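Architecture at a glance
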Amino acid sequence: MELRQLRYFIVVAEYLNFTEASKRLFVAQSAVSQQIAKLEQQVGVKLFTRNKRSVQLTSAGKTFLKEAIEIVRKTEEAIDKTHKANVGILGNLKIGFLAAPVRKFLPSLIRHFNNKYPMVDIELHHLNLAQLNEKLNADDLDIVFTVSFAVPQFGDYECKKLFSESICVFLHPEHSLCQKPRLRIADLAMEPFILRDREEGPQWYEYILMICAKNGFLPKIARETRHIETVLMFVEAGLGITILPRYLEMYANPSIRIIEVEDEKDSFDVVVYRKKRNMNPSVPLFLNEMDHFVHREVEPPLSG
């Protein structure tokens, strides 16, 4: 049974006239008659009673008409969805992210994208640095918003810078270093460090060790703890200092003093990256909208 036969049958049933149906279908009347005869042979029952004066649906034909209309509708719907899925305007997009660096723009970007492509279902996964890399490598994520030093150095990835972020020293307000408008990493050589523990944030932990080593010392780690909020609580209690990205000031109480690091080489980038071999057609659509959106909506506020 062919879809063409069902379409011919539906049109004949609408007009109850083979001549009119052939005009509507832009085919010869004989072609319509042949296809209806084949359809009746395949179904095994007469769908029409016809004589020289009239054409009528049989009882079986009326039942078959309802099913034929539904089959054609479902088939056309399936074809339409398939075409939309092929170009990415229908589908699923799995986005992984670090919360703090993207909270200024990601909610608005998703709203913008959803308004333009409402048939793309977006999944959001808030994960730590290690989990983001792991999930992307396992193809459980399509796109990851992260920081530049956490992007794997080996592998077939496509990475795009969104903006640069400075690192800052977080101190108790009565700390002697608070008198300085800016600090150098070397100024912290004798300070007790409060860090998020290595297991929770291995990339950031290694990053701190690396920038301290570049400045000629290894940090004196006084305490390690699982959560950023706890790190800042120890700093607020005066038990040490910490180095964090500027965007994490949202977790700090106003009493904590935040001073930027002087050396611009110690800044890093907030980036979006993905596997080049990712074949999800919704990914290019999202990245294209992100380019326009970040340029128009995000960069000016961040530079101010």
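Preceding this section is the structure that the text describes.
Here the structure is a predicted model, which means the values were calculated and not measured.

About the cut-offs
- Residues numbered from 1 in each chain as written.
- Predicted model: local features only at pLDDT ≥ 70, side-chain atom pairs only at ≥ 80, totals over all residues.
- Heavy atoms only, no water.
- Pairing = 2+ DSSP bridges.
- Helix = DSSP H or I, 4+ residues; strand = E, 2+ residues; numbered from the N terminus.
- Axes fitted to C-alpha atoms, helices over the stretch in contact; angles between N-to-C directions.
- Contact = heavy atoms within 4.5 Å.
- Buried < 20%, exposed > 50% of the residue type's maximum accessible area, 1.4 Å probe, protein only.
- Parallel < 35°, antiparallel > 145°, perpendicular 65-115°, else oblique.
- Left-handed = near helix turned anticlockwise from the far one by under 90°.
- Nonpolar A, V, L, I, M, F, W, Y, C, P; charged D, E, K, R; others polar.
- Core = buried A, V, L, I, M, F, W, Y, C linked by side-chain atoms within 4.5 Å.
- Domains from an automatic or database assignment.
- Salt bridge = Lys/Arg side-chain N within 4 Å of Asp/Glu carboxyl O.

The next point concerns the sheet that holds strand β10 (residues 242–245). Neighbouring strands of a sheet are bound in pairs by backbone hydrogen bonds; such pairs are parallel or else antiparallel. Spatially, β10-β7-β11 is the arrangement adopted by the 3 strands of the open sheet, whose pairing is antiparallel. Taken across any chain shown, the strands that pair with only one partner, and hence form the sheet edges, are β10 and β11 (257–260). Neighbour to neighbour, the strand axes of the sheet diverge by 35° on average, direction disregarded. Relative to β11, strand β7 (residues 167–171) is paired through 4 bridges, and the arrangement is antiparallel. In the sheet register, Cys168 faces β11, and the bridge partner there is Glu260. This element, helix α8 (residues 202–214), spans β7 and β10 of the sheet and lies at about 115° to β10. Packed onto the sheet, helix α9 (residues 228–236) meets β7 and β10 and runs at close to 135° relative to β10.

Phi angles above zero are rare outside glycine, and Leu16 is one such case at about 50°. Judged by its relative accessible area of 31%, Leu16 is partly exposed. Phi is positive for Phe26, close to 60°, though the residue is something other than glycine.

What follows is about the packing of helix α1 (residues 3–15) against helix α2 (residues 18–25). Two numbers describe a pair of packed helices, the interaxial angle and the distance between the axes. One can describe the packing of α1 onto α2 by two numbers: an axis separation of 8 Å at closest approach and a directional angle of 130°. With respect to each other, α1 and α2 are oriented oblique. As for how α1 packs across α2, the hand of that crossing is right-handed. The segment α1 lies against α2, with Tyr8, Val11, Val12, Glu14 and Tyr15 engaging Phe18, Glu20, Ala21, Arg24 and Leu25. A class-by-class count of the residues in the contact of α1 with α2 yields 7 nonpolar, no polar and 3 charged.

Let us look at the nonpolar core. Core analysis: the biggest nonpolar cluster contains 50 residues, and Ile167, Phe170, Phe193 and Ile243 have the highest contact counts within it. Looking at this core, you find at least three residues from each of domain 2 (92–162 + 268–298) and domain 3 (166–265). Discounting chain neighbours no more than four positions away, the residues touching Phe193 are Leu188, Ile208, Cys212, Phe217, Pro219, Lys220, Ile221, Ala222, Arg223, Ile241 and Ile243.

Below, the discussion takes up the pattern of salt bridges. Scanning the entire structure with this criterion turns up 21 salt bridges. With its nearest N and O atoms 3.8 Å apart, the salt bridge here joins Asp291 to Lys160. Of this pair, Asp291 sits in helix α10 (residues 282–303) while Lys160 sits in strand β6 (residues 157–165); the two residues are 131 residues apart in sequence, bridging distant segments of the chain. By relative accessible area, which is 39% here, Lys160 ends up partly exposed. The shortest N-O distance in the salt bridge between Lys180 and Asp187 comes to 3.6 Å.

Moving on to the pairing of strand β12 (residues 268–275). Burial within β12 is extensive, with 7 of its 8 residues counted as buried. As paired elements, strand β5 (residues 143–147) and β12 share 4 bridges and run antiparallel to each other. Paired with Phe145 across the bridge in β12 is Val272. The pairing of β6 with β12 spans 8 bridges and is antiparallel. From the neighbouring strand, Cys159 faces β12, where its bridge partner is Tyr273.

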